[in-house]
Amino acid sequence: MYKLEIKNVSYLYSKNTPFEKLALSDVSVGFEAGKITGLIGHTGSGKSTLVNLLNGLYRPTEGTVLLDGRDIWEKPKEIAKIRAEVGLVMQYPEYQLFDETVRADIGFAPRNLGLCAEEIERRVAEAIAFTGIGEELLDKSPFELSGGQKRRVAIAGVMAMGAGVLVLDEPAAGLDPRGRREILDGIRAYAKKNGLTVILVSHSMEDMALYCDNCIVMNRGRVYMSGTVDEVFSDAEALMDIGLNVPMVARIAAALRKKGFPLTGTLYTVEGVRDAILRLRKEGGV
Amino acid sequence: MISDITLGQFFPGFSLLHKLDPRTKLLGAILFIVAIFMAKTPLAFALLTLFTLVLILVSRISVSVILRGIRPVIYILIFTSLLNIFMTKGAGEPLVAFWIVKIYKEGIIRAIFMTLRVILLIVGSSMLLTYTTSPISLTDGLESLLSPLARIGVPVHIFSMMMTIALRFIPTLVEETDKIMNAQKSRGADFASGSLVRRAKALIPILVPLFVSAFKRAEELAVAMECRCYRVDKKRTKLAKLTFRARDFLTLFVFALFLTGVILVSRMPASLLGGSFVARLLCYRI
């Protein structure tokens with residue numbers, strides 16, 4: 001059962017003007033409930049457009065977006081309700097900070113939902129715990145924080161909405177490796193605890209391999225590949241064909257297969273490739 | 001999306017209007033605007049409308065784009081038309097007299113031609129300037145036309161640089177506003193409902209981040225310009241020099257001819273056309 005599903009969706013920017021541009025053409029994908037699905041592809045492959053369609057910021061030119069099997073555009077006037085169910089963290093979300101204190105900014109979404117003060121306080125506390133924001137920062141102005149801290153506050157601000165689906169567009173872009181891991185670890189822990197369905201946009205194949213269960217590869221406004229991370233990453237040749245940077249070890253595995261070694265299994269982590277080579281030796285293939 | 005606003009947007013192309021020197025188009029626009037305000041009779045307005053249609057044909061810009069450019073001013077037009085209809089006092093008997101409302105023939109005529117005048121003004125000047133001239137060449141043209149003022153101490157170059165930068169950043173800021181609005185909408189912000197005070201308050205989450213980023217951009221731009229040794233008080237040379245060609249002189253000649261035509265037609269007595277009813281109608285002084 002898909003939590004969120006896109007059926008035959010096309011999206012045109014600037015319809016009926018000389019600047020008309022087809023960003024997505026006839027895309028159909030599903031996002032499994034309770035899983036983390038990665039969305040990869042080059043700049044301009046349609047990832048961000050797809051993301052904006054998921055919580056109803058854009059309305060598909062053609063096709064439908066289904067949440068729990070229901071068309072989210074069934075009642076266009078109630079699209080705000082969909083946005084409370086599908087939390088979206090935009091690219092470089094630190095631009096959205098505006099309030100006087102970190103606490104108030106994170107509490108913006110639950111305040112808009114009309115929740116009581118205690119519930120808001122509880123959600124803020126939970127969100128900062130998973131994004132690694134210290135209590136001492138809560139009463140500071142968000143504009144005094146460092147870039148990485150701002151990013152965490154912005155992500156916490158969407159988490160606090162308590163949506164069942166969390167969509168994150170490059171949540172770790174431009175951060176150092178440690179900050180990257182901390183943020184992604186926090187998101188995963190938060191999702192596991194609350195049973196969320198997560199959609200993670202990235203163009204880091206390493207992040208995909210580490211954090212995602214499923215993976216969708218976009219290319220030129222279409223779905224190029226989709227499946228479990230194992231399935232998608234096992235076909236390193238196909239990924240390299242569209243110029244994606246596969247993990248180093250996956251490239252080695254792909255080269256070995258090309259040379260005639262029938263490696264099988266998880267071919268994108270060092271351990272996986274090691275086991276595959278050992279298995280092959282045991283079978284006496286080498 | 002607010003980026004769909006077309007008023008003041010450049011549409012690249014290769015028509016005659018696109019190729020003309022920006023100074024020609026600026027001077028032409030001035031002549032055209034003067035002609036609009038000199039037009040006093042229906043015949044003169046017919047001439048103006050015809051000329052505007054020719055401009056549209058020459059520019060090869062689609063009619064739907066032009067109509068969309070008029071859309072933002074429609075409410076102002078309706079409002080002023082109503083004012084004209086209800087507030088104008090005519091000489092003869094009122095056409096409609098009901099309670100305190102009195103509508104005169106003069107009011108209706110004035111409303112019609114005022115509307116026509118504003119539409120021609122917008123379409124004509126956007127055909128000549130904004131739709132067919134890139135903002136950069138427009139300010140280049142302005143600077144060149146105003147350069148004699150530099151001799152009496154007017155800082156023409158500073159003004160034109162300020163304008164170039166302002167024009168350059170309009171699309172950027174529109175895009176940014178769009179992005180911030182989407183981010184806040186994703187956090188449950190509601191801009192479209194509630195009382196006026198509530199709606200004004202709802203703008204804070206957009207305006208604060210917008211100002212923050214605008215100031216940041218301004219500072220970055222200033223640093224980048226200084227890094228490339230930009231100095232306000234030093235004379236700069238141009239990569240693309242403006243040159244008047246035969247077609248520019250010809251265009252200006254046509255515009256001057258047109259202005260003269262409109263003025264003459266506006267002053268023409270009906271007797272010159274034979275003095276029939278149609279002739280009197282065409283030469284009716286508004």
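Provided above is the structure to which this section pertains.
We now turn to the structure provided with this report.

**Focus on the pairing of strand 6 (residues 86-89) of chain A**
Residues and elements named next belong to chain A.
Then step 1. Residues Val86 and Leu88 point to one face of strand 6 and Gly87 and Val89 to the other, with burial holding for every one of them.
Then step 2. Pairing of strand 6 with strand 7 (residues 165-169) involves four bridges; the strand directions are parallel. Looking at the pairing, valine 89 lines up with leucine 168 of strand 7.

**Considering the side chain of serine 45 of chain A**
Residues and elements named next belong to chain A.
Then step 1. Mapped onto the secondary structure, serine 45 falls in the loop between strand 3 (36-40) and helix 1 (47-54).
Then step 2. Judged by relative accessible area, which is 2%, serine 45 ranks as buried.
Then step 3. Residues contacting serine 45, with those up to four places away along its chain left out, are Ala23, Met218, Asn219, Arg220, Gly221 and Arg222.

**Here's the deal with the interface of chain B and chain A**
Then step 1. Facing the 25 residues of chain B at the interface are 23 residues of chain A.
Then step 2. At the boundary of chain B with chain A, total buried surface from both sides reaches about 2,100 Å², with 64% on carbon and sulfur atoms.
Then step 3. There are one salt bridge connecting chain B and chain A.
Then step 4. A salt bridge links arginine 187 of chain B to aspartate 105 of chain A; its shortest N-O distance comes to 3.1 Å.
Then step 5. Between the two partners, chain B and chain A, sit five residue pairs in polar contact (both at pLDDT 80 or more).
Then step 6. Elements with a contribution of two residues or more to the side of chain B that touches chain A: helix 4 (63-70), helix 8 (156-186) and helix 10 (204-227) of chain B.
Then step 7. Ranked by residues supplied to the side of chain B that touches chain A, first place goes to helix 8 of chain B with eight residues.

**Some remarks on the pairing of strand 9 (residues 214-219) of chain A**
For a regular strand, side chains alternate in direction, first toward one face of the sheet and then toward the other.
Residues and elements named next belong to chain A.
Then step 1. Buried residues dominate strand 9, accounting for six of its six residues.
Then step 2. Alternating residues of strand 9 divide into Asn214, Ile216 and Met218 and Cys215, Val217 and Asn219, and every residue in both groups is buried.
Then step 3. Inspection of the sheet shows strand 3 paired to strand 9 by four bridges, in the parallel sense. In the sheet register, leucine 39 faces strand 9, and the bridge partner there is isoleucine 216.
Then step 4. Summarising the sheet, strand 9 and strand 10 (residues 222-228) pair through six bridges and their orientation is antiparallel. Considered in strand 10, the bridge of valine 217 is made with methionine 225.
Then step 5. Between strand 9 and strand 10, which pair antiparallel in sequence order, lie two residues; one of them, arginine 220, sits at a positive phi of approximately 50°.

About the criteria used
Residues numbered from 1 in each chain as written. Chains lettered and ligands numbered in written order. Predicted model: local features only at pLDDT ≥ 70, side-chain atom pairs only at ≥ 80, totals over all residues. Heavy atoms only, no water. Buried < 20%, exposed > 50% of the residue type's maximum accessible area, 1.4 Å probe, protein only. Helix = DSSP H or I, 4+ residues; strand = E, 2+ residues; numbered from the N terminus. Pairing = 2+ DSSP bridges. Contact = heavy atoms within 4.5 Å. Buried area = accessible area lost by both parts, 1.4 Å probe. Salt bridge = Lys/Arg side-chain N within 4 Å of Asp/Glu carboxyl O. Polar contact = N/O pair within 3.5 Å; in protein donor to acceptor, adjacent residues only side chain to side chain.

From the geometry alone we can't say anything about function, so treat these as descriptive.
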